[in-house]
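# Descriptive structure summary
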Amino acid sequence: MTLDSNAKSIEPMCCQIVDTNVALTADGANSLASKVCQRSCISVIRRVLSGEIAFVIDENNEVLREYRKNIYPDYKGSLAEQFMIHALTYQFFEGRVKRIKLEKNAADQFEDYPDNEDNWTTSDSRCKRFDPDDKKWVALALRFKSETGTDAPIVNAADRCWIAFESHLKSADVILETLCREER
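Now for a look at the structure at hand. (Residues numbered from 1 in each chain as written. Predicted model: local features only at pLDDT ≥ 70, side-chain atom pairs only at ≥ 80, totals over all residues. Heavy atoms only, no water.)

### A word on the nonpolar core
With 54 residues, the main nonpolar core has F55, Y67, F83, V138 and I154 as its most contacted residues. Top contributing element to this core by residue count: helix α5 (residues 135-148), with 7 residues. Every residue in contact with Y67, bar those within four places of it in the chain, is listed here: V18, T20, F55, F83, M84, A87 and W137. (Core = buried A, V, L, I, M, F, W, Y, C linked by side-chain atoms within 4.5 Å. Buried < 20%, exposed > 50% of the residue type's maximum accessible area, 1.4 Å probe, protein only. Helix = DSSP H or I, 4+ residues; strand = E, 2+ residues; numbered from the N terminus. Contact = heavy atoms within 4.5 Å.)

This is the structure in structure tokens:
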């Protein structure tokens, strides 16, 4: 965090793309996650809620629909529920949330996703192909970078398939920040 020139406010760290699994792991919904992993996820969500981290969503609300599908919004509820309220409340506040327009092609695939032919494969039997639901995160990271010239890492709790495709993501110039790498 940095103080502005008048030392009146704190600018948020820019910017991160927060996968739904981070908020859910912070809440203890991932029974395989250790307490250390859960605390790492809690830290990220608290930093978002405090405004220390600005996070990236899309103008078409693909990300908000993903959050909403998995998290009930309640400002007095769990950390994930507070995160959902935060996302809905601040979705148009530039200092808290960065909105990026994602385009789809005629086949309803994200134009910015680098592997719409689904050529990315891994030897991990549970992660043969990249998860179609996760393509929005990759497209968002790449569109954000093309529009701003800066990276927005995708923050993941411990999803083994993200890690399985990490070399593909890196070759596409996408940064993956896995909070609980040992727990995949």
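Picking up after the structure, the text goes on.
### Some thoughts on the packing of helix α3 (residues 62-70) against helix α4 (residues 79-90)
Following both chains from N to C, one finds α3 and α4 inclined at 150°, their axes separated by 10 Å at the closest point. In terms of their interaxial angle, α3 and α4 are classed as roughly antiparallel. In terms of crossing hand, the pair formed by α3 and α4 is left-handed. Two secondary-structure elements touch here, α3 through L64, Y67 and R68 and α4 through F83, M84, A87 and L88. (Axes fitted to C-alpha atoms, helices over the stretch in contact; angles between N-to-C directions. Parallel < 35°, antiparallel > 145°, perpendicular 65-115°, else oblique. Left-handed = near helix turned anticlockwise from the far one by under 90°.)

### Observations concerning the state of the cysteines
Per the stated rule, a full pass over the model turns up 3 disulfides. Disulfide pairing is shown between C14 and C15; the S-S distance is 1.8 Å. In this structure, the disulfide formed by C14 and C15 twists by about -70° around the S-S bond and is classed as left-handed. C127 shares a disulfide with C161; S-S distance 2.0 Å. Handedness of the C127-C161 disulfide follows from its S-S torsion of about -80°: it is left-handed. Within this pair, whereas C127 is found in the loop between β5 (97-100) and α5, its partner C161 is found in helix α6 (residues 160-164), the two being separated by 34 residues in sequence. We classify C161 as partly exposed; its relative accessible area is 22%. What connects to what in the protein, once the bonded cysteines are numbered by sequence position, is 1-2, 3-6, 4-5. No disulfide involves C41; its nearest neighbouring cysteine sulfur is the one of C180, lying 4.4 Å away. Looking at C41, the relative accessible area reads 0%, which means it is buried. (Disulfide = S-S within 2.5 Å.)

Structural measurements only, silent on function.
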